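Structure assessment
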Amino acid sequence: MRKTSYCRLCPACCGVGVEMDGERVLRVLGDREHPLSQGFTCPKGRRAGELMQGPGRLTASQRRTPTGGHEPVDAARAIAEVAERLNGIVREHGPDAVGLFMGTQHNFATLTPFMARAWFRGLGSRKLFSTMTIDQSAKWLVAARMGQYTGGPQSFGDADVWLLAGTNPLVSVNGGDGDGALVTSPSANLKAARDRGLRLIVVDPRRTETAARADIHLQPRPGHDALLFAGMLHVILREELHDRDFCARYVDGLPELRAAVAKVTPDLVARTCDVPADDLIRAARLFAGAGRGMATTGTGVCMGPHSNVAEHLAACLNVVCGRFLREGEPARGRGVLMGERTARAEVLPADRDWENGFRSRVGGHGLIRGELPSALLPDEILRSGPDRIRALVVSGGNPVLALPDQDTAQRALNHLELLVSIDTRMSQTAQLADYVIAPTMLYERADHTALMETFFPQPFAQYTPALVPPPQGVIEDWQFFFRLASAMGQKLRFAGRDLDTSRLPASEELLDMVAERGRISLNDVRQERHGLLVGHPATTVAAPRPDRAGHRLSLLPPDVEAELEAALENDAANEGFPLRLVVRRMRELVNSLGRDVAGLPPHPYNPAFLHPEDMERLGIEDGAPVTVRSPHGSVDAVAHGDASVRPGVLSMSHGWGSIDPAADPRECGSNVNRLTSLDHAAQPINHMPTMTAVPVTVVPAERRPPSRPHPDDAFLPATRRAGETTPPHTRPA
Ligand SMILES: Nc1nc2c(c(=O)[nH]1)N[C@H]1C(S)=C(S)[C@@H](COP(=O)(O)OP(=O)(O)OC[C@H]3O[C@@H](n4cnc5c(=O)[nH]c(N)nc54)[C@H](O)[C@@H]3O)O[C@H]1N2
Ligand SMILES: Nc1nc2c(c(=O)[nH]1)N[C@H]1C(S)=C(S)[C@@H](COP(=O)(O)OP(=O)(O)OC[C@H]3O[C@@H](n4cnc5c(=O)[nH]c(N)nc54)[C@H](O)[C@@H]3O)O[C@H]1N2
Ligand code: SF4
Ligand SMILES: [Mo]
């Protein structure tokens, strides 16, 4: 039997055909009739059956035993116990002692984020964290400091030029912000665009799969994007290639920006970034000289030192070139099930939201879009204070590997009185947890694409029913939060209404509620097996309202100017650490998801990729064990030669490694977050640490770490091991 559905491991939502025997998924294939993905799938999507049914899948929730292991527990019982302990902590210390960490997979079941936030709002805590603040929160900050133009950006579909910096969509299917063209079936979409004349500029220290297709590939030393974008702006403004009309109507601070980049000549960029000055000038002219097209960025820009100003300057490229839809142009909104706001040729001014409201006692940081920076989470747990986080719920995430500085992150998670992880396997974080709630996986639950629609290149919606029955012991992610709220005696406000917490609703009811304000009815979407391409609204970008006509985008507010100054100063020399570790995604994984599926990743570890010349210079052979050191820590790894990597660069994926520092990297890979720091060069405001362009050195490994199996809990600190009898919520801070 084969049924159509869509994959829910990443935002691309590729259409698939799932072959089943009624109970189990046998095969996942691309759906050629899917209007967006047209048959494309990636290796991990095709192996989803093994993710769901393989040996690592949790088929029952788990509870920590007195001897330090885990034992299966009925979900209802686990929820009742968690509720009781949370209520105890809230009674004694207030709601801010409870935190929620929202991981990547939290976002791919539509009801999860809605219900988790409903529970969290009802709780009244302000300790909300997500991966966004160890990812691309620079984008939130740009909007908060520059403001937003609400007519919408130009699209990839009719662009003449596109600049991709620090992103490799051919592997990550990440679209940068604002346009999802490269998300679905990225290779075919890029080829089609290039065939119709699109010119591509890529800024990446690696000659990535995407860079190999570029008209201009700038291959800079990592960590200097702010300077590089400033150099492009220098050329554009010097040669008056900017959009004067747009700037005159919508922009504040152009003279200040011009002055600030005046000294950033192509020669300066060439010296610092090691890109030919002529290439930089060509890129600036190509970008600004084209009629339409944008600059979009990914983790390579947003995780670097000076990431906030780098992202801000990338946005300035779009603003000074006026790459937005003007009054009277057809509107291009992509909201379908979530509805769509009127596109208006006006500016929503900078709101600088973090300046108001709650502040963390750690560093005085405010909330950005309602969240605290995730790099503060370990200190929020470890540092004493009245609102110290004592209990943490992790939803679809693996923070012990994902957070910078694994040692501190691990120490913090172990310091909690209560750690609950909602995960489909015993992830490294789950191994530290008191309770692990086992949820359904993708083809076991009904869903629709509401939350992902802004990533799609065109307005599109799809619904899928559940295709196979879940293992008996699991519940849907949203049910955990619903039942927890109910057991804690909380109110639950979901999609604008108060839910009756005494009656468990059906998923379909909730899916309907979420889509209530959609442009089209969910029932119409339910009829279309391959999803529904809706078409853009038949409206044009509206005129600015009179009271908004004077609102402007701020190109260079004082704090951005100060950050630019700092970025232009020579960075401190990192003596003894001549290489730079940079981020990299693997086709076969989403972060740490997929590494346990036998034969899915090419190796059972994440190689430490170096240019072959560096390997030779360092006397390291392909496949040899190495030790990587940074100013913050060290990790053992396995070196591989890779000519696509710029000499001087170490390119490695995250999401690997173990909670055992002595584990063999050949068996479980190496966590690059043993090399990063939570606060070194952390950005002001969003406290984003440096996670790419990290100074490192690589040497042949002195000795092989002993190889040994890693049983679940052998590495927990003594306080959480055998015979623990102190009720955890009374343990001293
Ligand atoms: N297959 C797969 N897809 C994924 C994921 C995955 O793990 N696997 N993860 C998902 C997630 S959570 C995210 S956030 C997105 C991320 O999506 P992307 O941001 O596209 O991630 P990467 O593919 O790692 O691309 C980052 C690029 O930045 C380059 N880079 C590193 N340092 C610098 C620098 O200093 N300057 C510049 N200009 N470039 C630099 C790297 O060489 C790399 O090619 O991908 C998502 N999609
Ligand atoms: N050094 C360094 N560190 C990084 C990065 C980097 O590039 N370099 N990247 C950062 C980025 S961009 C991100 S987004 C983070 C990723 O950080 P996280 O999102 O915390 O890590 P993941 O590995 O994606 O964790 C997802 C978890 O969800 C589980 N899961 C799978 N399906 C389901 C499901 O249906 N329901 C539930 N409840 N769980 C499910 C998986 O088993 C997995 O354990 O890492 C960050 N850390
Ligand atoms: S790119 Fe891969 S993981 Fe993402 S939706 Fe498509 S098949 Fe699934
Ligand atoms: Mo991410």
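Rules used in this analysis
- Per chain, residue numbering runs from 1 following the sequence as it is written.
- The lettering of chains begins at A and the numbering of ligands begins at 1, in the order of writing.
- Given that the model is predicted, a residue must reach a pLDDT of at least 70 before its local features are reported, and side-chain atom pairs must reach 80 or more before they are shown or counted; all residues, however, enter totals for whole chains, interfaces and linings.
- Hydrogens and water are ignored here; the side-chain numbers use all heavy atoms of the structure.
- Residues are counted as near a molecule or strand when any one of their heavy atoms sits within 4 Å of it.
- Pairs of N or O atoms within 3.5 Å make up the polar contacts considered here, provided that, within protein, one atom can donate a hydrogen while the other can accept it, and that residues adjacent in sequence are counted only when both atoms are side-chain atoms.
- Per-residue accessibility takes into account occlusion by the displayed protein chains alone, with areas from the Shrake-Rupley method and a 1.4 Å probe.
- Amino acids outside the nonpolar list (Ala, Val, Leu, Ile, Met, Phe, Trp, Tyr, Cys, Pro) and the charged list (Asp, Glu, Lys, Arg) are all regarded as polar, and Gly is one of them.
- Axes here refer to lines fitted to C-alpha atoms; in helices the fit is confined to the stretch in contact. Angles between the N-to-C directions go from 0 to 180 degrees.
- Helix numbers and strand numbers start at the N terminus; a helix is a DSSP run of H or I with at least 4 residues, a strand a run of E with at least 2.
- Should an angle fall under 35 degrees it is called roughly parallel, over 145 degrees roughly antiparallel, and 65 to 115 degrees roughly perpendicular, with every other angle called oblique.
- Any pair of residues with heavy atoms lying within 4.5 Å of one another is described as a contacting pair.
- Here a strand pair is declared whenever DSSP counts at least two bridges between the two strands.
- Burial classification: accessible surface area is computed with a 1.4 Å probe over protein chains only, and a residue below 20% of its type maximum counts as buried, one above 50% as exposed, and the rest as partly exposed.
- Two aromatic rings from Phe, Tyr or Trp, using only the six-membered ring of Trp, form a pair when their centres are within 6.5 Å; if the ring planes differ by under 30 degrees the pair is stacked, by over 60 it is edge-to-face, and anything between is tilted.
- In our convention, an over-ring charge means Lys NZ or Arg CZ found within 6 Å of a ring centre and within 35 degrees of that ring's normal.
- Every residue gets a pLDDT, meaning the predictor's confidence in that residue, from 0 to 100.

A short note on the site of ligand 2
- Residues in close proximity to ligand 2 total 31 residues, the closest being Thr104, Asn398, Asp423, Asp477 and Ser592.
- Ser592 is positioned with one of its side-chain polar atoms (N or O) 2.5 Å from an oxygen atom of ligand 2.
- A distance of 3.3 Å separates an oxygen atom of ligand 2 from a polar atom in the side chain of His654.
- Notes on ligand 2: free accessible area 920 Å², of which the protein chains cover 97%.
- Of the residues belonging to the shell around ligand 2, the class tally is eleven nonpolar, 14 polar and six charged.

So, the packing of helix α4 (residues 111-123) against helix α19 (residues 507-514)
- It is the contact of α4 with α19, at a shortest axis distance of 11 Å, that shows an interaxial angle of 85°. Here α4 is positioned roughly perpendicular relative to α19, judged by the angle of their axes. Counting all contacts with α4, which are made through Leu111, Phe114 and Met115, the residues of α19 involved are Ser507, Leu510, Leu511 and Val514.

Considerations on the sheet that holds strand β16 (residues 418-422)
- In space, the seven strands of this open sheet follow the order β5-β4-β17-β16-β15-β6-β7, with mixed pairing throughout. A strand with exactly one partner marks an edge of an open sheet, and here the two such strands are β5 (70-73) and β7 (127-130). Strand-to-strand twist across the sheet, computed as the mean angle between neighbouring axes with direction ignored, equals 20°.
- The sheet contact formed by strand β6 (residues 98-102) and β7 spans four bridges and is parallel.

Re helix α18 (residues 477-487)
- Across the eleven residues that make up α18, a large majority, eight, are buried.
- Within α18, burial applies to Asp477, Trp478, Gln479, Phe480, Phe481, Phe482, Leu484 and Ala485.
- In the stretch just after α18, Gly489 is the one whose phi turns positive, near 75°.

Observations concerning the sheet that holds strand β11 (residues 216-218)
- One open sheet accounts for four strands, arranged β11-β10-β9-β13; its pairing is parallel. Every other strand in the sheet has two partners, leaving β11 and β13 (295-297) as the edge strands with one partner each. Adjacent strand axes in the sheet meet at a mean angle of 15°, parallel and antiparallel pairs treated alike.
- Where strand β9 (residues 161-165) lies against strand β10 (residues 199-203), five bridges are found, and the strand directions are parallel. Bridging from a neighbouring strand, Ala165 pairs with Val203 of β10.
- Strand contacts of helix α12 (residues 277-289): β9, β10, β11 and β13, with the helix running at about 125° to β11, the strand carrying the most contacts.

Observations concerning the site of ligand 1
- The full set close to ligand 1 counts 30 residues, and Thr167, Ser172, Asp204, Asp225 and Leu589 are the nearest of them.
- A distance of 2.6 Å separates an oxygen atom of ligand 1 from a polar atom in the side chain of Asp204.
- Here an oxygen atom of ligand 1 sits 2.8 Å away from a polar atom, N or O, in the main chain of Asn591.
- In isolation ligand 1 offers 920 Å² of accessible surface; the protein chains occlude 95% of this area.
- Split by residue class, the shell around ligand 1 holds nine nonpolar, 13 polar and eight charged.

Side note on the packing of aromatic side chains
- Tallied over the full model, the rule gives twelve aromatic pairs.
- Summarising the aromatic geometry, the rings of Tyr149 and Phe246 are spaced 5.5 Å apart at their centres and angled 65° between planes, so their arrangement reads as edge-to-face. Of this pair, Tyr149 sits in strand β8 (residues 148-149) while Phe246 is found in helix α9 (residues 244-250), placing the two residues 97 residues apart along the sequence.
- Note on Tyr149: relative accessible area 9%, which makes it buried.
- An aromatic cluster is present here, built from Trp119, Phe120, Phe480 and Phe481 joined pairwise through their rings.
- Taking NZ or CZ as reference, Arg323 lies 4.9 Å from the ring centre of Phe287, over its face.
- Lying over the aromatic face of Phe609, Arg584 brings its terminal NZ or CZ to 3.9 Å of the ring centre.

Examining helix α5 (residues 137-146)
- Most of α5 is tucked away, with ten of its ten residues classed as buried.
- Buried within α5 we find Ser137, Ala138, Lys139, Trp140, Leu141, Val142, Ala143, Ala144, Arg145 and Met146.
- Where the residues of α5 are buried, they touch β8, β13, α13 (299-302), α14 (307-320), β24 (553-554) and α21 (558-568).
- In the stretch just after α5, Gly147 is the one whose phi turns positive, near 95°.

Examining the confidence of the model for the protein
- The pLDDT averaged across the protein works out to 94; a share of 94% of its residues lies at or above 70.
- Averaged over each element, pLDDT in the protein is lowest for helix α7 (residues 186-195) (93) and highest for strand β15 (residues 391-395) (99).
- When the criterion is pLDDT under 50, residues 708-733 qualifies, and its contacts beyond four places in sequence or with other chains add up to 56 contacts.

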